[in-house]
Amino acid sequence: MASVAIIMGSISDYETMKGAEKVLKEFEVDYEIDVVSAHRTPDKMFDFAKGARDRGVKVIIAGAGGAAHLPGMVASLTTLPVIGVPVVSKLQGLDSLLSIVQMPKGVPVATVAVGGAENAALLALRMLSISDEKIAQKLSKYKEGLEKEVSVMSLKLKEVCENE
């Protein structure tokens, strides 16, 4: 039973979406991953979205480029949270971003930056952490790690400035 589903419109989107997969593996969260095209496999998309909750999915991360209808169409078919990841396409991902973020009232899709699959996974983890203390603790440690990285950068900058 997967807590998170990662879907994408094409195998070419995996280059972006593997960032979400990496984060979920790092946090040891079960996930499923598949290619589900809104335009080429609408029946598969329908079955995926309608059956996700019954399979134990709690959050869906949907990446798509170009027309990028996948996140919105999936959101229209489920009450689960859907996080859209705009994938770089012909217009540097702007077309994807606008397609995902401009959802009509009543069909929300959380949207991360173009190519932001890692942040999509982190957002999914934050949603899951509401009812999962283990994930909440891992997120706290992750945040502490980010703070340490910035402290190291700050020290390096001071060294560089002093040596100039």
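These numbers were taken from a predicted model, which means no experiment stands behind them.

Draft legend 1. View of the overall build of the chain. Looking only at helices and strands, one finds six helices and five strands in the chain. Ordered by position from N to C terminus, the α and β elements of the chain give β-α-β-α-β-α-β-α-β-α-α. Taking the principal axes of its C-alpha atoms as reference, the chain extends roughly 60 × 40 × 30 Å. Scored against the burial criterion, the 164 residues of the chain give a buried share of 43%. On the chain, roughly 9,600 Å² of surface is accessible, and the fraction owed to carbon and sulfur atoms is 56%. For the chain, the distance from the average site of its 19 positive side-chain charges to the average site of its 21 negative ones is 3 Å.

Draft legend 2. Looking closely at the environment of Gly66. Mapped onto the elements, Gly66 comes out in the loop between strand S3 (59–65) and helix H3 (70–77). Here Gly66 falls in the buried class, since its relative accessible area comes to 19%. Between the C-alpha atoms of Gly66 and Gly9, which are 57 residues apart in sequence, the distance is 9.9 Å. Once residues within four sequence positions are removed from consideration, Gly66 is found in contact with Ser89, Asp95, Ser96 and Ser99.

Draft legend 3. Structural context of the environment of Glu162. With respect to the secondary-structure elements, Glu162 resides in helix H6 (residues 133–162). You can call Glu162 exposed: its relative accessible area is 65%. Along the sequence, Glu162 and Ala38 sit 124 residues apart, while their C-alpha atoms lie 55 Å from each other.

Draft legend 4. Structural context of the sheet that holds S3. With parallel pairing, five strands are arranged side by side in an open sheet as S2-S1-S3-S4-S5. Bordering the open sheet on either side are strand S2 (31–35) and strand S5 (110–111), each of which pairs with just one other strand. Pairing between strand S1 (residues 4–8) and S2: five bridges, direction parallel. Each residue of the ladder has a partner; that of Ala5, found in S2, is Glu32. Of the strands in this sheet, S3, strand S4 (82–87) and S5 are in contact with helix H4 (residues 94–101), which crosses S4 at around 160 degrees.

Draft legend 5. Structural view of helix H1 (residues 14–26). The terminal C-alpha atoms of H1, which comprises 13 residues, lie 18 Å apart, in line with the 18 Å expected from a rise of 1.5 Å per residue. Residues of H1 that are buried include every one of Thr16, Met17, Gly19, Ala20, Glu21, Val23 and Leu24, and no others. Tucked inside the fold, the buried residues of H1 contact S1, S2, S3, S4 and helix H5 (117–129). Backbone geometry just after H1 places Glu28 at a positive phi near 55 degrees.

Draft legend 6. The arrangement of the environment of Gly145 in detail. Checked against the element boundaries, Gly145 lands in helix H6. Separated by 97 residues in sequence, Gly145 and Phe48 place their C-alpha atoms 36 Å apart.

Draft legend 7. The side chain of Ser3, seen in detail. Along the chain, Ser3 turns up in the segment before S1. The class for Ser3 is buried, based on a relative accessible area of 18%. Look past the residues within four positions of Ser3 in its chain and what remains in contact with it is Val29, Asp30, Gly56, Val57, Lys58, Val59 and Leu128.

Rules of the game
Residues numbered from 1 in each chain as written. Predicted model: local features only at pLDDT ≥ 70, side-chain atom pairs only at ≥ 80, totals over all residues. Heavy atoms only, no water. Helix = DSSP H or I, 4+ residues; strand = E, 2+ residues; numbered from the N terminus. Buried < 20%, exposed > 50% of the residue type's maximum accessible area, 1.4 Å probe, protein only. Areas by Shrake-Rupley, 256 points an atom, 1.4 Å probe, with all protein chains shown as cover. Lys, Arg positive; Asp, Glu negative; His and termini not counted. Charge placed at Lys NZ, Arg CZ, Asp CG, Glu CD. Contact = heavy atoms within 4.5 Å. Pairing = 2+ DSSP bridges. Axes fitted to C-alpha atoms, helices over the stretch in contact; angles between N-to-C directions. Expected span 1.5 Å × (residues − 1).

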